[in-house]
Amino acid sequence: MNKKIIRPVENLQEKVAAMRAGGKILGNLLGDLKEHVQPGMTGKEIDAWVRAEIVARGAKVAYDYLEESFPGAICISVNDELVHGAPTDEVLEEGDKVSFDLDVLYDGYYVDSAFTMMVGKKGSPAVKQMIATTEKAMWAGIDVVRAGAKIGDIGYAVEKVLRQGKLGVIENYIGHGIGKEMHMKPDVPNYGVRGHGYTLKVGDTICIEPMSCLGKPANYVDRESNWTVKMKDGSIGCHCEHTILVTEDGCEVLTLPD
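So, here's what we can say about the structure. Only a predicted model underlies this, so the values are computations on that prediction, with no experimental measurement involved.

### What about the overall build of the protein chain?
Here comes step 1: Regarding its fold elements, the protein chain presents 4 helices and 15 strands.
Here comes step 2: Its C-alpha radius of gyration of 17 Å places the protein chain within 12% of the 18 Å reference for a compact globule of 258 residues.
Here comes step 3: Long-range contacts, defined here as pairs at least 24 residues apart, represent 70% of the contacts in the protein chain between residues at least 6 apart.
Here comes step 4: Carbon together with sulfur atoms contributes 50% to the accessible area of the protein chain, which is approximately 12,000 Å² in total.
Here comes step 5: With 29 positive and 38 negative side-chain charges, the protein chain shows a separation of 7 Å between the mean positions of the two kinds.

Quick look at the structure:
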């Protein structure tokens, strides 16, 4: 029997309107960020640009509201860094892999999205393939979202694509519900059994965020930053994410750019 999931009280119409608007701000900002990033930039320079853009576009910097202070407005994870990368003075070089993970707060509601890219025009074909496969896995998970679907259906779809692509599947960092809080129930793992887990309902908002790697999936939190998650074997990590609304006729991806 599934446990009842308790959420903060929210008005569905208010929630959907706010998360649609916030999602559009976030999607467009990340689309612009992808064009903005160039070799020679530092993580802290990019972070400052993102912070200014969030405010200029009418949203709030979500990471400023964490209980445990995060040293930036956006997570920037380079090469063997998987997720939660604290911005640094490290210079991005041609061919680096970089993942960006960003939440914004708009009208009392959070939205969350992430993407991984190669810096510049050059890069490892294996890394490019990893990015493409991880994005494909995310969309495979999104494709099964509807009222009545189980969380296990999403995880199964995501995991199948990642394993077919011969990628390491990260299991200790997962997707989640989102709304009045940045991280809410239900948990949305990137692995699962079809027909198992929480049953999605109209109005639910969840984040699907597969993470993968070219080596073994074991990872650790860097002690210096106390935030940045790195791959234990030094392999390259990948992360992508969208915020999804369950609708009466399927689902809506809230964090796409125009």
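### Considerations on the nonpolar core
Generally speaking, soluble globular proteins have nonpolar side chains that are buried together.
Here comes step 1: Counting residues in hydrophobic clusters, the biggest one holds 42 residues, and the most contacted among them are Leu-33, Val-37, Ile-46, Val-50, Ile-54, Phe-100 and Leu-102.
Here comes step 2: Taken together, the elements giving at least two residues each to this core come down to α1 (12–36), α2 (43–56), β2 (75–78), β4 (97–106) and β5 (109–118).
Here comes step 3: At 8 residues, the largest contribution of residues to this core is made by α1.
Here comes step 4: Ala-137, Ile-142, Val-188 and Ile-244 belong to the second-largest nonpolar core, a separate cluster that totals 29 residues.

### Structural notes on the sheet that holds strand β6 (residues 168–169)
Here comes step 1: Reading across from one edge, β6-β10-β13 is the order of the 3 strands in this open sheet, with antiparallel pairing throughout. Two strands close off the open sheet at either side, each with one partner strand: β6 and β13 (237–239).
Here comes step 2: Sheet analysis places β6 next to strand β10 (residues 211–213), joined by 2 bridges and oriented antiparallel. In the strand pairing of β10, Val-169 is matched with Ser-212.

### What about α1?
Here comes step 1: Between its first and last C-alpha atoms α1 spans 35 Å; for 25 residues at 1.5 Å apiece the expected length is 36 Å, and the two agree.
Here comes step 2: Listing the buried residues of α1 in full gives Lys-15, Val-16, Ala-18, Met-19, Gly-22, Gly-23, Ile-25, Leu-26, Gly-27, Leu-29, Leu-30 and Leu-33.
Here comes step 3: Those residues of α1 hidden inside the fold are in contact with α2, β4, β5, β9 (205–208) and β14 (242–247).
Here comes step 4: The distance from a side-chain oxygen at the start of α1 to the backbone nitrogen of Gln-13 is 3.1 Å, and the residue carrying that oxygen is Asn-11.

### Side note on the packing of helix α3 (residues 125–143) against helix α4 (residues 151–164)
Here comes step 1: Packing of α3 against α4 leaves a shortest axis separation of 8 Å and a crossing angle of 155°. The pairing of α3 with α4 is recorded here as roughly antiparallel in orientation. Viewed along their axes, α3 and α4 form a crossing whose handedness is right-handed. Together, Thr-133, Thr-134, Lys-136, Ala-137, Ala-140 and Gly-141 of α3 and Ile-154, Ala-157, Val-158, Val-161 and Leu-162 of α4 make up the contact between the two elements.
Here comes step 2: Per-class residue counts for the contact of α3 with α4 are 7 nonpolar, 3 polar and 1 charged.

### Quick look at the packing of aromatic side chains
Here comes step 1: Within this structure, the stated rule accounts for 3 aromatic pairs.
Here comes step 2: Seen in terms of ring centroids, Phe-70 and Trp-227 are 5.0 Å apart; in terms of plane orientation they differ by 90°. Their pairing is edge-to-face. Residue Phe-70 is located in the loop between β1 (60–61) and β2, and its partner Trp-227 is located in the loop between β11 (219–221) and β12 (229–231); the two are separated by 157 residues in the primary sequence.
Here comes step 3: A relative accessible area of 6% means that Phe-70 is categorised as buried.
Here comes step 4: A centroid spacing of 5.4 Å and a plane angle of 40° characterise the contact between Phe-100 and Phe-115, whose relative ring orientation is tilted. Highlighted residues: Phe-100 in strand β4 and Phe-115 in strand β5, separated in sequence by 15 residues. In this structure, Phe-100 and Phe-115 share a single accessibility class: buried.

### Side note on the environment of Ala-126
Here comes step 1: Mapping Ala-126 onto the fold places it in helix α3.
Here comes step 2: As a C-alpha pair, Ala-126 and Glu-248 span 122 residues in sequence and 39 Å in three-dimensional space.

### Notes on the pattern of salt bridges
Here comes step 1: On inspection of all chains with the given rule, the structure shows 9 salt bridges.
Here comes step 2: Here Asp-258 ties to Lys-24 by a salt bridge, and the two come within 3.5 Å at their closest N and O atoms. Of the two residues, Asp-258 sits in the segment after β15 (250–253) while Lys-24 sits in helix α1, which places them 234 residues apart along the sequence.
Here comes step 3: Exposure remark for Lys-24: the relative accessible area of 32% places this residue in the partly exposed category.

### Some thoughts on the state of the cysteines
Put plainly, a disulfide is one covalent bond tying together the sulfur atoms of two cysteines.
Here comes step 1: All chains considered together, the criterion is met by 0 disulfides.
Here comes step 2: Free of any disulfide, Cys-75 has its nearest neighbouring cysteine sulfur in Cys-207, separated by 13 Å.
Here comes step 3: As a non-bridged cysteine, Cys-207 has Cys-240 as the owner of its nearest cysteine sulfur, 12 Å distant.
Here comes step 4: Among the residues examined, Cys-207 registers a relative accessible area of 0% and is labelled buried.

Calculation criteria
Residues numbered from 1 in each chain as written. Predicted model: local features only at pLDDT ≥ 70, side-chain atom pairs only at ≥ 80, totals over all residues. Heavy atoms only, no water. Helix = DSSP H or I, 4+ residues; strand = E, 2+ residues; numbered from the N terminus. Rg over C-alpha atoms; globule rule 2.2 N^0.38 Å. Contact = heavy atoms within 4.5 Å. Areas by Shrake-Rupley, 256 points an atom, 1.4 Å probe, with all protein chains shown as cover. Lys, Arg positive; Asp, Glu negative; His and termini not counted. Charge placed at Lys NZ, Arg CZ, Asp CG, Glu CD. Core = buried A, V, L, I, M, F, W, Y, C linked by side-chain atoms within 4.5 Å. Buried < 20%, exposed > 50% of the residue type's maximum accessible area, 1.4 Å probe, protein only. Pairing = 2+ DSSP bridges. Expected span 1.5 Å × (residues − 1). Polar contact = N/O pair within 3.5 Å; in protein donor to acceptor, adjacent residues only side chain to side chain. Axes fitted to C-alpha atoms, helices over the stretch in contact; angles between N-to-C directions. Parallel < 35°, antiparallel > 145°, perpendicular 65-115°, else oblique. Left-handed = near helix turned anticlockwise from the far one by under 90°. Nonpolar A, V, L, I, M, F, W, Y, C, P; charged D, E, K, R; others polar. Phe/Tyr/Trp six-rings, centres within 6.5 Å; stacked < 30°, edge-to-face > 60°. Salt bridge = Lys/Arg side-chain N within 4 Å of Asp/Glu carboxyl O. Disulfide = S-S within 2.5 Å.

Nothing here speaks to function; it is all geometry.
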